[in-house]
Each structure stands twice: as structure tokens, then as C-alpha cells.
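Listed below are the residues making up each chain.
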Amino acid sequence: SQQGEEDPQALSIQEGENATMNCSYKTSINNLQWYRQNSGRGLVHLILIRSNEREKHSGRLRVTLDTSKKSSSLLITASRAADTASYFCATDAFNLQGGSEKLVFGKGMKLTVNP
Amino acid sequence: ETGVTQSPTHLIKTRGQQVTLRCSSQSGHNTVSWYQQALGQGPQFIFQYYREEENGRGNFPPRFSGLQFPNYSSELNVNALELDDSALYLCASSQGTSGYEQYFGPGTRLTVT
């Protein structure tokens, strides 16, 4: 089953603009991660934010987490054509027995950055 | 590029056959997770191996099985292939079973005809 759901499903912007992607999830989480995937190949880890963190930065990336709303956002500033890819959020959630489930991915969001 | 490698890159099999996919984990990582990614979908967790033992399994039938070796490399075996098994199979290695970033390999594209 898929826990995270990215929004919008597709986004097309011009180089230099900012891109914001949102992720909503359903159950309590340990942490939330964002990944990028180019052309159906392997995923590249972008950033991990833990459930007790509210915001995290990495270069041009900014991730926020609102556990009360069960949502996260990924902001890419000053986008480049090379940022064109699919972006996924993934949650590491608690299961009913109180243990940690493995990563559960959303369906992804396709970002196109036009030169 | 991560240090995770997968083989083969592409594979075509016939319904009913069996397939073995291989994954070499990144140096220093003791955990390997396998995912199935259908076209246009996010990866779905198949199972995870930690120190040669299965450590969690997703909603996949028993014909999906795996192994992890002492050097932490891993295999995914699928028996009695079905058309719906056509997908990109991804393995990911990590330093632990939960709460660590996962380093993905480039994937194996399996086509079942």
C-alpha cells in the first residue's frame, strides 16, 4: 500500500524558478525522506527529516515537516534543467505492533524544468 | 553514483519461468532492501535482509524469496513468473534497518512475456 501522496503529480517550470512539492501521509512516522529518480533508473536520496524536526536544508533544497497535518513539502530553489526528474516522498512508519515499517513510497511527482 | 550495483540490467523471461536478480551493497552497509516499481508508480517494498536474515516483508507472495550473503550482497528470486511481475526491481543498501538513508542501485528491468 502507498502511504505518501505527492502533489501536484506533475509540475512544469522555467529555469531559475522555485519548485514546491507536497507530500501527505496517513499514519504516524519515524522519519520522512525525499528521493529523486531520473528516467526510471535508481533513486537518489535527497534529504531525511525526523519526526521531531520541522525544517531541514541541504543546498538548494528545503524540506518542512508538519506531523500534526501529516504533511511535508520539498522546495527546490533556483531550479535548473538538471533538476528535471521524478520526486518521491517515502515514510518510515510505525506498524500496528509498534515496530518500524520499511520505506513506503508515494506515486511520485514529475518535475520538468525548461531551459 | 552510489556504490550499489545490480545485475543484470535488463532481462526478458517467459511466464512460468524463474529469475534471480543480484545486488551488491555499498561498503559498510549490512542491510539490503528490495523494491518493485511498476511503470508510473512508486517503489513497493518487497522485503529486507539484515545480517543474512529476512527482516520484514511487504505484501508479496512466497514465490518472491531472497538471500543475503556474508558479504551483505543479496539475491532476489521470483518463481512462476507472471505478466504482472514485469517491473523495475530496485535494491537499496543502508547502514541499518530503519531510520537510515537508503542507497539505491540502478535497477534491473524485468519483462515477462
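Refer to the structure printed above.
Since the structure is predicted, the reported quantities are computational estimates derived from the model, not experimental observations. (Residues numbered from 1 in each chain as written. Chains lettered and ligands numbered in written order. Predicted model: local features only at pLDDT ≥ 70, side-chain atom pairs only at ≥ 80, totals over all residues. Heavy atoms only, no water.)

A. Expanded view of the environment of B:Arg57. All names here are of chain B. For Arg57, the position within the fold is in strand S6 (residues 53–57). Residue classification places Arg57 among the partly exposed positions, given a relative accessible area of 31%. For the pair formed by Arg57 and Ile46, sequence separation is 11 residues and the distance between their alpha carbons is 5.8 Å. What Arg57 contacts, discounting residues up to four positions off in sequence, is Phe45, Ile46, Phe47, Pro62 and Phe64. Within the structure, the side chain of Arg57 is placed 3.3 Å from the side chain of Glu54, a separation counted as a polar contact. Within the structure, Arg57 has its side chain in polar contact with the backbone oxygen of Phe60 (distance 3.4 Å). (Helix = DSSP H or I, 4+ residues; strand = E, 2+ residues; numbered from the N terminus. Buried < 20%, exposed > 50% of the residue type's maximum accessible area, 1.4 Å probe, protein only. Contact = heavy atoms within 4.5 Å. Polar contact = N/O pair within 3.5 Å; in protein donor to acceptor, adjacent residues only side chain to side chain.)

B. Fine view of the pattern of salt bridges. Per the counting criterion, the structure on display carries 7 salt bridges over all chains. Here A:Arg62 makes a salt bridge to A:Glu55, at a shortest N to O gap of 3.2 Å. The exposure class of A:Arg62 is partly exposed, given its relative accessible area of 31%. Counted as one network, the salt bridges with shared partners bring together B:Arg63, B:Glu82 and B:Asp85. (Salt bridge = Lys/Arg side-chain N within 4 Å of Asp/Glu carboxyl O.)

C. Up close: the state of the cysteines. Within the structure shown, the criterion is met by 2 disulfides over all chains. There is a disulfide in this structure between A:Cys23 and A:Cys89, and the S-S distance comes to 2.0 Å. Here A:Cys23 and A:Cys89 share a disulfide; its torsion about the S-S bond, 65°, makes the bridge right-handed. A residue pair is termed long-range when its members are at least 10 positions apart, and A:Cys23 in strand S3 (residues 19–24) and A:Cys89 in strand S9 (residues 85–94) qualify at 66 residues. Residue class for A:Cys89 comes out buried when judged on its relative accessible area of 0%. A sulfur-sulfur separation of 1.9 Å characterises the disulfide bridge that pairs B:Cys23 with B:Cys91. Where B:Cys23 bonds to B:Cys91 through sulfur, the torsion about that S-S bond is close to 70°, and the disulfide is right-handed. With B:Cys23 in strand S3 (residues 19–24) and B:Cys91 in strand S9 (residues 87–94), this pair connects stretches of sequence that are 68 residues apart. For B:Cys91, a relative accessible area of 0% gives the class buried. (Disulfide = S-S within 2.5 Å.)

D. Here's a closer look at the sheet that holds strand S7 (residues 64–68) of chain B. Residue and element names in this part refer to chain B. Strands sit in the order S1-S3-S8-S7 across an open sheet of 4 strands; the sheet is antiparallel. A strand with exactly one partner marks an edge of an open sheet, and here the two such strands are strand S1 (5–7) and S7. Neighbour-to-neighbour, the strand axes of the sheet open up by a mean angle of 20°, direction not taken into account. Where S1 and S3 come together, 3 bridges link them in antiparallel fashion. Bridged to Thr5 within S3 is Ser24. (Pairing = 2+ DSSP bridges. Axes fitted to C-alpha atoms, helices over the stretch in contact; angles between N-to-C directions.)

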